[in-house]
Amino acid sequence: MAAERVVFNEMLGTDGAVRPAYARLNEWLERQPKGFLTRKNREAETIFRRLGITFAVYGAQEATERLIPFDPIPRILSAGEWRRLSAGIDQRVRALNAFLHDIYHRQEIIRAGRIPADLIMQNAAFLPEMVGFTPARRVYSHIIGTDLVRVGENDFYVLEDNTRTPSGVSYMLENRETMMRMFPDLFQMHRVAPIEHYPELLRQTLESVAPEGAKSDPTICILTPGIYNSAYFEHAFLADQMGVELVEGRDLYVDNGKVWMRTTRKPKQVDVIYRRIDDAFLDPLTFRPESMLGVPGLFDAYRAGTVTICNAPGTGIADDKAIYAYVPDIIEFYTGQKPILNNVPTWNCSRPDDLAYVLDNLADIVVKEVHGSGGYGMLIGPTASKREIAAFREILMSNPTNYIAQPTLALSACPTHVASGVAPRHVDLRPFVLIGDQVRITPGGLTRVALKKGSLVVNSSQGGGTKDTWVLED
Amino acid sequence: MLGRTASSLFWMSRYQERAHNTARLLDAAWRTAMLPALGTDPAGDWRSVLAGAGCEAAYKDKVGEISQRGVVQFMLFDKTNPSSIHSSLETARNNARSVRTGITSDMWEAINTTWIEFSDVKPQTLSQDRMPEFLAWIGQRAHLFRGALLGTILRDDGYSFSQLGHFVERADHTARVLDTRYWIFLPDTDVGGNAHHHHWTSILRVMSGLRSYRFAFPDSRVKGVNVAEFLILRREMPRSLAHCYDWINGTMADLTAFYGDELPSAAQAAVIHEQLRTGSMRDIFDSGLHEFLTDFTLRNNAFADRLARDYNFA
């Protein structure tokens, strides 16, 4: 794959001719006066800053809240492209949920020899406490953010399945709001599939997985670690948009096997918790005893079936980077079909052969920590210095099972506003999927863009930006 | 509503009011520092800033000797001083952030922008001549927030809790400022010297009441007993104890109606309200002004504690 370093330009295609989905945008861009986008960008930044659309950066004491740079040029997907992507995502998330049910019950996929038992049973993301328990409607991962990259006209790869607590959906929604405010004329020229009903769909999804016997109008809340969490803005935003309470652990308590909210008057029973804190912090009685974020006794109430936790504890095993290599097998095993979307070829450093290959090719590949996130603890070979590579080699050899490696993909590029005007920059895409009584996929998602020329790092913790993502209707 | 939400609304307003009060204390001290010596202790007005904010002991521990520079730094920018304007604005904003879903975007933008702009100010670059303007700016921002609150928030229980925080803090501040120099109000020391006159007007200035005082007492020059009455019993004065408890008592009646049952805090507020409504300055002086103010402060705090328990503040 290292040979095909040609970058696919989503607007200009491979032959330099404007691709149909971008035709109107391209004309419009050419018509705009010089400095127009710069002005619009400043306008957007003011809006974001005033509204407090920020994310927190850990460790940075002073500027703990930062704006994610926003790019005013939309990324456009045609209806046909989206149909294929969403079919692939649908297939993938159903298979992952079936996989979760299986490994916490009969483990047929292990018995069939399709996945090594150790990989599951020795995995830190596997929660023995979940064995034998079936959540409402058999759904484990209710909210999934699937990270996709594109390398050619018809080549999409899944980079990661975020099945635990994917964030970014608030940026998808706010980016659209801002775009509609700034460029009404552009929207009039296109038939852009709407996304603003996402919070309503999220609410329907959460309601649909309320425990059996819950009241017909179930009480839902979002559980946040609090204002210092990097995604706090999103937690507050979603609670606000859904009209549910945003709670911290100390607002909830368990009594008589049920979960209650402390209100200004009488306690209120909670049926569904959309939690945005990690498994280990959910319940100090079951998991980390020193954690102050969770609710003592919550896990017992969950296992007793009086409350639904979304996503279910233990879903992390489905997006573990070591499991990732097996997802194509997982899809075939549970659906009997070929995967519609490809995985990126992955070397598992716990295998000696794979490790040997990785060590020989560090300068050309990407190495990731199995449990890392946010772009930390990784090596991007092609852009790393000799010294960085040497240092990483030591770390990798000291604990190879902790790493996987992938070829560096030539991520597609989209027109992006930069200091010199409009230029192509690498992008990825995170569509958001909701799984409850049905699978709901919001058309579009969050496009992240590497703002530095040539950079492949789109992660917001590492200075990447975002843009609005349009799915055109037929 | 979550108990924590009620608590955050209460403290959001309380700290917002506190920041404004501290700015006014500093402003009044600043004026004194510009006047020719009044024959009193030159550090006196800076000490009164600390006393009015309840920070005297903390200042002595951390900074030591009282000086203009020391007090300004400690009360404006010191991050370790929980009552500094820096800390008050930060706490107010953190409370607002934790109830983003319970406040309007106008309120959020007012409080958030204040915090962002305040944080951008570097203390070293704030020269003396810019200080009055900077303190006035803090006051203007507080007015903006209050205006946004009154103009946009839904009149439900959340409104009640934010009003209560505001007026509990204001009553506490007024009582504390009066108590820091209660002796200048006592009738038998009411000799009307320059120093006393300055103290009275300085307190009125802290209360933004210098001009209104002249309307409330058109026939009299500034007199200690009248200033005390103005700030304790005159309901038309928006920072008086009586005015604060008009609001608190009315708000408690709203809460009682909203939830449909009367709780002990409402009865406590009613007792304090009644005492201020029917009290006379003669009675207050007879029983001791200092004793009255100390007792009021304790009861005001006890009311806030009871409120927190009654409504499950977290």
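Residue indices follow the written sequence of each chain, beginning from 1 at its first position. Working convention: letters from A go to chains and numbers from 1 go to ligands, in the order in which they are written. Per-residue local features are limited, in this predicted model, to residues with pLDDT of at least 70; the limit for side-chain atom pairs, both in listing and counting, is 80 or more; totals at the level of whole chains, interfaces and linings are taken over all residues. Think of the side-chain values as coming from all heavy atoms in the structure, minus any hydrogens and water.

Looking at an unreviewed UniProt entry, one finds chain B named Alpha-E domain-containing protein, with Pannonibacter tanglangensis as its source organism.

Per an unreviewed UniProt entry, chain A goes by Circularly permuted type 2 ATP-grasp protein and derives from Pannonibacter tanglangensis.

Peer 1: What am I meant to see in the sheet that holds strand β14 (residues 347–348) of chain A here?
Peer 2: In sheet architecture, strand pairing relies on hydrogen bonds along the backbone and comes in two forms, parallel and antiparallel. Residues and elements named next belong to chain A. Read from one edge of the open sheet, four strands run β14-β17-β15-β16, paired in antiparallel fashion. Since the sheet does not close on itself, it has two edges, and those belong to β14 and β16 (379–380), each with one partner. Strand pairing follows a simple DSSP-based rule, namely that at least 2 bridges must link the two strands. Counting from the N terminus, the helices are the DSSP runs of H or I reaching at least four residues and the strands are the DSSP runs of E reaching at least two. Bridge analysis of strand β15 (residues 365–369) against β16 gives two bridges, and the strand direction is antiparallel. When the bridges of β16 are listed, Val366 appears paired with Ile380.

Peer 1: How should helix α11 (residues 224–232) of chain B be read in this particular structure?
Peer 2: Note on helix geometry: an α-helix contains 3.6 residues per turn, so any two residues three or four positions apart are oriented the same way. Among the nine residues that make up α11(B), seven are buried, leaving the element largely enclosed by the rest of the structure. Partly exposed describes any residue whose relative accessible area lies between the buried limit of under 20% and the exposed limit of over 50%, with all areas from a 1.4 Å probe on protein chains only and scaled to the type maximum. Listed as buried for α11(B) are B:Gly224, B:Asn226, B:Val227, B:Ala228, B:Phe230, B:Leu231 and B:Ile232.

Peer 1: Even after reading the chapter, I still don't get the packing of helix α1 (residues 3–34) of chain B against helix α7 (residues 131–152) of chain B, so can you show me in this structure?
Peer 2: For any two helices packed against each other, one specifies the crossing angle of their axes together with the interaxial distance. Residues and elements named next belong to chain B. To get an axis, a line is fitted to the C-alpha atoms, and for a helix only the part in contact is used. The angle between two axes follows their N-to-C directions and goes from 0 to 180 degrees. The interhelical angle for the contact between α1 and α7, taken along N-to-C directions, is 155 degrees, at an axis separation of 9 Å. By the angle between their axes, α1 is roughly antiparallel relative to α7. Helix-helix and strand crossings are classified by hand; for α1 and α7 the assignment is left-handed. Together, Met12, Ser13, Gln16, Ala19, His20, Ala23, Leu26, Asp27 and Trp30 of α1 and Met131, Pro132, Leu135, Ile138, Gly139, Ala142, His143, Phe145 and Leu149 of α7 make up the contact between the two elements. With respect to orientation, any angle under 35 degrees is reported as roughly parallel, any angle over 145 as roughly antiparallel, any angle of 65 to 115 as roughly perpendicular, and every other angle as oblique. Helix crossings get a hand from a simple test, with the near helix turned counterclockwise from the far one by less than a right angle marking a left-handed crossing and a clockwise turn marking a right-handed one. Residue contacts are defined here by distance: any two heavy atoms, one from each residue, within 4.5 Å place the two residues in contact.

Peer 1: Help me out: how do you make sense of the pairing of strand β22 (residues 446–449) of chain A in this one?
Peer 2: Note on strand geometry: in a regular strand, side chains alternate between the two faces of the sheet. All names here are of chain A. Of the two faces of β22, the one carrying Leu446 and Arg448 and the one carrying Thr447 and Val449 are both buried. Sheet topology note: the strand β19 (residues 421–430)/β22 ladder contains four bridges and is antiparallel. Counterpart to Asp428 in the pairing with β22 is Arg448. Relative to strand β23 (residues 465–471), β22 is paired through three bridges, and the arrangement is antiparallel. Residue pairing across strands places Val449 opposite Gly465, the latter belonging to β23.

Peer 1: Looking at this model, I keep getting lost on the state of the cysteines. Mind explaining?
Peer 2: Formally, a disulfide is one covalent bond, and it connects the sulfur atom of one cysteine to the sulfur atom of another. Throughout, a disulfide means two cysteine sulfur atoms within 2.5 Å of one another. If you walk through the whole model with that rule in mind, you get zero disulfides over all chains. For A:Cys310, which is in no disulfide, the shortest distance to another cysteine sulfur is to A:Cys221 and amounts to 10 Å.

Peer 1: Honestly, the interface of chain B and chain A in this entry has me stumped. Any pointers?
Peer 2: Interfaces are often described in size by the accessible area the parts lose on coming together. Residue-level contacts link 27 residues of chain B with 24 residues of chain A. Summing the contributions of chain B and of chain A, the shared interface buries around 2,300 Å²; its carbon and sulfur component is 43%. Two parts placed together each lose some accessible area under a 1.4 Å probe, and adding up what both lose gives the buried area. Together, B:Leu2, B:Arg4 and B:Arg97 form the three largest contributors to the area buried by chain B at its contact with chain A, with a combined 30%. Each salt bridge in this description consists of a side-chain nitrogen of Lys or Arg and a carboxyl oxygen of Asp or Glu lying within 4 Å of one another. For the pair chain B and chain A, the number of links is three salt bridges. Where the side of chain B that touches chain A is concerned, the elements lending two or more residues are α1, α5 (85–98), α6 (105–120) and α8 (157–180) of chain B.

Peer 1: What is the right way to look at the domain arrangement of chain B in this model?
Peer 2: Residue and element names in this part refer to chain B. According to the domain assignment, chain B contains domain 1 (1–152) and domain 2 (153–314). For each domain, the first and last residues come from an automatic or database assignment. A straight line from the C-alpha centre of domain 1 to that of domain 2 covers 20 Å. With 36 residues of domain 1 at the contact, the number on the domain 2 side is 37 residues. Both sides together, the interface formed by domain 1 and domain 2 hides about 3,000 Å², and carbon and sulfur atoms give 59% of it. When the buried area of domain 1 at its contact with domain 2 is split by residue, Phe10, Arg14 and Arg24 rank highest and sum to 20% of it. Where domain 1 touches domain 2, the interface holds four salt bridges. Polar contact is defined as a pair of N or O atoms within 3.5 Å, subject to the rule that within protein one atom must be able to donate a hydrogen and the other to accept it, and that residues adjacent in sequence are counted only when both atoms are side-chain atoms. Where domain 1 meets domain 2, there are 14 residue pairs in polar contact (both at pLDDT 80 or more). For the side of domain 1 that touches domain 2, the element with the most residues is α1, which contributes 17 residues. Under this grouping Gly is polar, as are all residues other than the nonpolar Ala, Val, Leu, Ile, Met, Phe, Trp, Tyr, Cys and Pro and the charged Asp, Glu, Lys and Arg. The class makeup of the residues in the side of domain 1 that touches domain 2 is 15 nonpolar, 13 polar and eight charged.

Peer 1: Which parts of the structure should I look at to understand unusual backbone geometry?
Peer 2: Generally, phi is negative for residues other than glycine and the peptide bonds are trans, each holding for most cases. Geometrically, the link from A:Cys310 to A:Asn311 is a cis peptide bond, its omega value of -10 degrees lying close to zero. Structurally, A:Asn311 can be placed in the loop between β12 (308–310) and α11 (321–324). One non-glycine residue, A:Arg137, lies in positive phi territory at about 55 degrees. The residue A:Arg137 is located in the loop between α5 (117–121) and β4 (143–152) in this model. Residue class for A:Arg137 comes out exposed when judged on its relative accessible area of 53%. Positive phi, normally seen in glycine, also occurs at B:Ser208, with a value near 50 degrees. Its location among the elements puts B:Ser208 in the loop between α9 (194–206) and α10 (210–216).

Peer 1: Would you explain the packing of aromatic side chains in this entry?
Peer 2: Each aromatic ring pair is specified by the distance between its two centres and by the angle formed by the two planes. Residues and elements named next belong to chain A. The pairing test for Phe, Tyr and Trp rings, Trp by its six-membered ring, is centres within 6.5 Å, and the orientation test on the planes gives stacked under 30 degrees, edge-to-face over 60, and tilted for anything in between. Counted according to the given criterion, the structure contains 36 aromatic pairs over all chains. Seen from their ring centres, Phe99 and Tyr334 are 6.5 Å apart, and the 65 degrees between their planes marks the pair as edge-to-face. Note that Phe99 is positioned in helix α3 (residues 79–103) and Tyr334 in helix α12 (residues 327–335), a separation of 235 residues in sequence. The class of Phe99 is buried, set by a relative accessible area of 0%. Relative accessible area serves as the criterion here: at 23%, Tyr334 is assigned to the partly exposed category.

Peer 1: Just checking my understanding: could you explain the pattern of salt bridges for this structure?
Peer 2: The final tally for this structure, using the stated rule, is 43 salt bridges over all chains. Between A:Arg440 and A:Asp437 there is a salt bridge whose closest N-O contact spans 3.0 Å. The buried category is assigned to A:Arg440, whose relative accessible area is 9%. Notably, a salt bridge pairs B:Arg14 with B:Glu169, separated by 2.8 Å at the nearest N-O pair. Here B:Arg14 is found in helix α1, whereas its partner B:Glu169 is found in helix α8, with 155 residues between them in sequence. Here B:Arg14 matches B:Glu169 in class, with each residue buried. It is possible to trace a salt-bridge network through shared partners that takes in A:Glu10, A:Arg19, A:Arg75, A:Glu81, A:Arg150 and A:Glu153.

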